[in-house]
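# Examining the three-dimensional arrangement
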Amino acid sequence: MFIITLTYLKPAEEIDKLLAAHSEYLREQYANGMFLMSGRLVPRTGGVILATADSRADIEAVIELDPFNEAGAASYAITEFVPTKTADFLSAFKQA
């Protein structure tokens, strides 16, 4: 499991111009089962994505496709963790 934290590198006006393309990118990653949850930070300085993948390399490859990344509008921090406890409705993601 991975937590991807985005930090905006460009002003809000430039981020806003990329939002439609970024939203489509997110939709595609949800459709392929990689992204589980996402949203903006408060205050609006970036965002967070909860993702599942076989490897960090897979996450890094998918980040390359993000329009925010392609435009140099965001930096990314990837945190990998092993979910050993979950709420019951998330138990499919629990690992031993």
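Below you will find a few notes about this structure. Here the structure is a predicted model, which is why all the values come from computation and not from measurement.

## Digging into the side chain of His22
Along the polypeptide, His22 turns up in helix H1 (residues 12-31). Accessibility expressed as a relative area gives 9% for His22, which makes it buried. In this view, His22 contacts Leu6, Asp66, Pro67 and Phe68; residues no more than four positions away in its chain are not counted.

## Structural notes on the pairing of strand S1 (residues 2-8)
The alternating pattern of S1 places Phe2, Ile4, Leu6 and Tyr8 on a buried face, while none of Ile3, Thr5 and Thr7, on the opposite face, is buried. As paired elements, S1 and strand S3 (residues 46-51) share six bridges and run antiparallel to each other. Paired with Phe2 across the strands is Ala51, a residue of S3. Of the strand pairs in this sheet, S1 and strand S4 (residues 74-80) are connected by seven bridges, and their pairing is antiparallel. Across the sheet, the residue bridging to Thr5 is Ala77, located in S4.

## Focus: a nonpolar patch on the surface
Together, Phe89, Leu90 and Phe93 give the surface a local cluster of nonpolar side chains, amounting to about 310 Å² of exposed area. With respect to the helices, strands and loops of the structure, Phe93 is situated in the segment after S4. Accessibility expressed as a relative area gives 31% for Phe93, which makes it partly exposed.

## What about helix H2 (residues 56-64)?
Those residues of H2 not exposed but buried are Ile59, Val62 and Ile63. Around the axis of H2, the buried residues are gathered within 105° of arc, so they sit on the same side. Summarising the contacts, the buried residues of H2 are in contact with S1, H1, strand S2 (35-40), S3, helix H3 (67-70) and S4.

## Considering H1
Over its 20 residues, H1 extends 27 Å from the first C-alpha to the last, a length consistent with the 28 Å expected when each residue adds 1.5 Å. The sharpest bend along H1 reaches about 50° and sits at Leu19. Tucked into the core, H1 has its buried residues touching S1, S2, S3, H2 and H3. Trailing H1 by a residue or two, Gly33 shows a phi angle of about 85°, which is positive.

## A look at the nonpolar core
The biggest cluster of nonpolar side chains holds 20 residues, and the ones touching the most others in it are Ile4, Met34, Phe35, Ile49, Ala51, Ile59 and Phe68. Going through the elements one at a time, S1, H1, S3, H2 and S4 are the ones with two or more residues in this core. When near neighbours in sequence (up to four residues on either side) are disregarded, Ile59 contacts Phe2, Ile4, Met34, Ala51, Ala53 and Ile78.

## Here's the deal with the sheet that holds S4
Spatially, the four strands line up as an open sheet ordered S2-S3-S1-S4, and their pairing is antiparallel. Strands with a single pairing partner mark the edges of an open sheet, and in this sheet they are S2 and S4. For this sheet the average axis-to-axis angle between neighbouring strands, irrespective of direction, equals 15°. Against the sheet, H1 makes contact with S1, S2 and S3, and its axis sits at roughly 160° relative to S2, the strand it touches most. Sitting on the sheet, H2 is in contact with S1, S2, S3 and S4, with an inclination near 160° to S4.

About the cut-offs
- In every chain, residue numbers begin from 1 and rise along the written sequence.
- In keeping with the model being predicted, local features are shown solely for residues with a pLDDT of at least 70 and side-chain atom pairs are shown and tallied solely at 80 or more, while totals for entire chains, interfaces and linings include all residues.
- Here the side-chain values reflect all heavy atoms present in the structure, with hydrogen atoms and water set aside.
- Under the DSSP-based scheme used, a helix requires at least four consecutive residues in state H or I and a strand at least two consecutive residues in state E, with every element numbered from the N terminus.
- To sort residues, take the accessible area from a 1.4 Å probe on protein chains only and compare it with the maximum for the residue type: under 20% means buried, over 50% means exposed, and anything in between is partly exposed.
- In this analysis, two residues are considered to be in contact whenever any of their non-hydrogen atoms come within 4.5 Å of each other.
- When DSSP finds two or more bridges between a pair of strands, those strands are recorded as paired.
- Patches were defined on residues exceeding 30% relative accessible area and lacking a salt bridge, with like-charge contacts within 9 Å and nonpolar side-chain contacts (Val, Leu, Ile, Met, Phe, Trp, Tyr) within 5 Å.
- Per-residue accessibility takes into account occlusion by the displayed protein chains alone, with areas from the Shrake-Rupley method and a 1.4 Å probe.
- Throughout this description, the term salt bridge denotes a Lys or Arg side-chain nitrogen within 4 Å of a carboxyl oxygen of Asp or Glu.
- By definition, the arc is the one covered by directions from the helix axis to the C-beta atoms.
- Take the residue count of a helix, subtract one, and multiply by 1.5 Å to get its expected span.
- By definition, a residue's bend is the angle between the axes fitted to the seven residues ending there and the seven starting there.
- Here, the term nonpolar core denotes a set of buried Ala, Val, Leu, Ile, Met, Phe, Trp, Tyr and Cys residues that are joined through side-chain atoms within 4.5 Å.
- Between the N-to-C directions of two axes lies an angle of 0 to 180 degrees, each axis being a line fitted to C-alpha atoms and, for a helix, fitted only over the stretch in contact.

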